[in-house]
Structure formats: C-alpha cells, structure tokens
Amino acid sequence: MKLQIRVDENGIISDVKFKTFGCGSAIASSSYMTERVKGLSLEDAEKIKNTEIAKELCLPPVKLHCSMLAEDAIRSAIRDYRTKRSNLSNPKQSGFIDVAQSAATGETVATAHPPSS
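Along each chain, numbering runs from 1 in the same order as the chain's sequence is written. Only residues with pLDDT of at least 70 get local features here, since the model is predicted, and only at 80 or more are side-chain atom pairs given and counted; chain-wide, interface and lining totals rely on the full set of residues. Hydrogen atoms and water are omitted, and side-chain values are computed over all heavy atoms in the structure.

**Things to note about the overall build of the protein**
So, point 1. On a plain count of helices and strands, the protein comes out with four helices and four strands.
So, point 2. Under the DSSP-based scheme used, a helix requires at least four consecutive residues in state H or I and a strand at least two consecutive residues in state E, with every element numbered from the N terminus. Scanning the protein from its N terminus toward the C terminus, one meets helices and strands in the order β-β-α-α-α-α-β-β.
So, point 3. Throughout, exposure labels follow a simple rule: accessible area from a 1.4 Å probe, protein chains only, divided by the maximum for the residue type, with under 20% read as buried, over 50% as exposed, and the rest as partly exposed. Counting over 117 residues, the protein shows a buried share of 38%.
So, point 4. By definition, residues are in contact when any of their heavy atoms lie within 4.5 Å. Intrachain contacts of the protein at a sequence separation of at least 6 include 51% that bridge at least 24 residues.
So, point 5. Only carbon and sulfur atoms are counted for the fraction: they give 52% of the accessible area of the protein, which is about 6700 Å². Working definition of accessibility: Shrake-Rupley area with a 1.4 Å probe, residue cover restricted to the visible protein chains.

Laid out in structure tokens, this is it:
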C-alpha cells in the first residue's frame, strides 16, 4: 500500500492518491482513506482510526489488518511530510511535497516540488 498526499500552504490535504496490491479489502481501505482525508487538515486526518474504516466498509475480523494498513499509511505520510517540510530552507514557501509510504516495507519517499510559475 502506497499513499501519496499533497498539502496546500494552509495545511489542508488537497490531493491524495494510493496504489495498493492486495485483496479487495486492502484496496477498499486505501480508497476510503483517500476520500476521507481529502480536504481535511493534517491534524484532523491523523485522528482517523482503523475502526472507522472497518465499520464503514463492514470488514470482517479477518480483514481488520487492511484497515490498519490504511491508518498506518496516512499517519506515516503525515509524519514524513512534516519532517521533510521542517528540513526545507524556507518551510513557509509555497509548493508541495508528495509523500509515498509503503505499508509493506515501511519505506517512505518524499519529493518536494517548487511552486509552478
């Protein structure tokens, strides 16, 4: 599961994308997470729990790990976004950072993009 977020200058998640290889429950959990966090502040997005995802999707107990992966992915993406943003020479500069987090390996990749002219 890879989750990418784009955060605007106000700290609002303006775009979210995912790539998930796995069962339907994993794909559904990723898709639900993208729809759920778009338009939220980073603080509000961090508060989403896997239980909300599981309840909304009516996941059976054997598929709860899929909702946990989605929760872990958004939290890791936000954490990495904040880390990368604080390391910029001008953290208030406009532009955006794409963050991709692999739930399988735990690897997180962030790419900073300057403002478009």
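Here the narrative resumes, following the displayed structure.
**Focus: the side chain of S41**
So, point 1. Here S41 is to be found in the loop between helix 1 (24-37) and helix 2 (42-46).
So, point 2. Not counting the four nearest positions on each side in its chain, S41 is found in contact with G11 and I12.

**Examining the packing of helix 1 against helix 3 (residues 50-57)**
Helices that pack against each other are described as a pair by the angle of their axes relative to one another and the distance between those axes.
So, point 1. An axis is simply a line fitted to the C-alpha atoms; with a helix, the fit covers only the stretch in contact. Between two such axes, the angle follows the N-to-C directions and lies from 0 to 180 degrees. The interhelical angle for the contact between helix 1 and helix 3, taken along N-to-C directions, is 110°, at an axis separation of 10 Å. In terms of orientation, helix 1 lies roughly perpendicular with respect to helix 3. Two packed elements cross with a definite hand, and for helix 1 against helix 3 that hand is right-handed. Here A28, S29, Y32, M33 and R36 of helix 1 come into contact with helix 3, specifically with E52, I53, E56 and L57. Roughly parallel means an angle under 35 degrees; roughly antiparallel, over 145; roughly perpendicular, 65 to 115; everything else is oblique. Note on convention: the crossing is left-handed when the near helix lies turned anticlockwise from the far helix by less than a right angle, right-handed when the turn is clockwise.

**Topic: the confidence of the model for the protein**
So, point 1. In predicted models, pLDDT denotes the confidence assigned by the predictor to each residue on a 0 to 100 scale. Residues with a pLDDT of 70 or more make up 78% of the protein, whose mean pLDDT is 84.
So, point 2. For the protein, strand 3 (residues 96-102) is the element with the lowest average pLDDT, namely 64, and helix 3 is the one with the highest, namely 96.

**Some thoughts on helix 4 (residues 64-86)**
Given 3.6 residues per helical turn, the α-helix brings residues three or four places apart onto the same face.
So, point 1. Multiplying 1.5 Å by the residue count of a helix minus one yields the expected span of that helix. For helix 4, built from 23 residues, the straight-helix expectation of 33 Å at 1.5 Å per residue is met to within 8% by its first-to-last C-alpha distance of 34 Å.
So, point 2. Every buried residue belonging to helix 4 is among C66, S67, A70, E71, A73, I74, S76, A77, I78, D80, Y81 and R85, and all of these are buried.

**A short note on the pairing of strand 1 (residues 2-7)**
So, point 1. Alternating residues of strand 1 divide into L3, I5 and V7, all buried, and K2, Q4 and R6, none buried.
So, point 2. For two strands to pair, DSSP has to find at least two bridges joining them. Note: strand 1 against strand 2 (residues 13-19), six bridges, orientation antiparallel. Following the sheet pairing, I5 is matched in strand 2 by V16.
So, point 3. Counted along the chain from strand 1 to the antiparallel partner strand 2, the turn is five residues long, and its residue G11 has a positive phi close to 80°.

**Section: helix 1**
So, point 1. Taking 1.5 Å of rise per residue, the 14 residues of helix 1 would be expected to cover 20 Å, and the 20 Å separating its terminal C-alpha atoms lies within 8% of that figure.
So, point 2. Those residues of helix 1 that sit buried are S25, A26, S29, S30, Y32, M33, T34 and V37.
So, point 3. Residues of helix 1 that are buried make contact with strand 1, strand 2, helix 2, helix 3 and helix 4.
So, point 4. Of the residues trailing helix 1, G39 is marked for its positive phi of about 95°.

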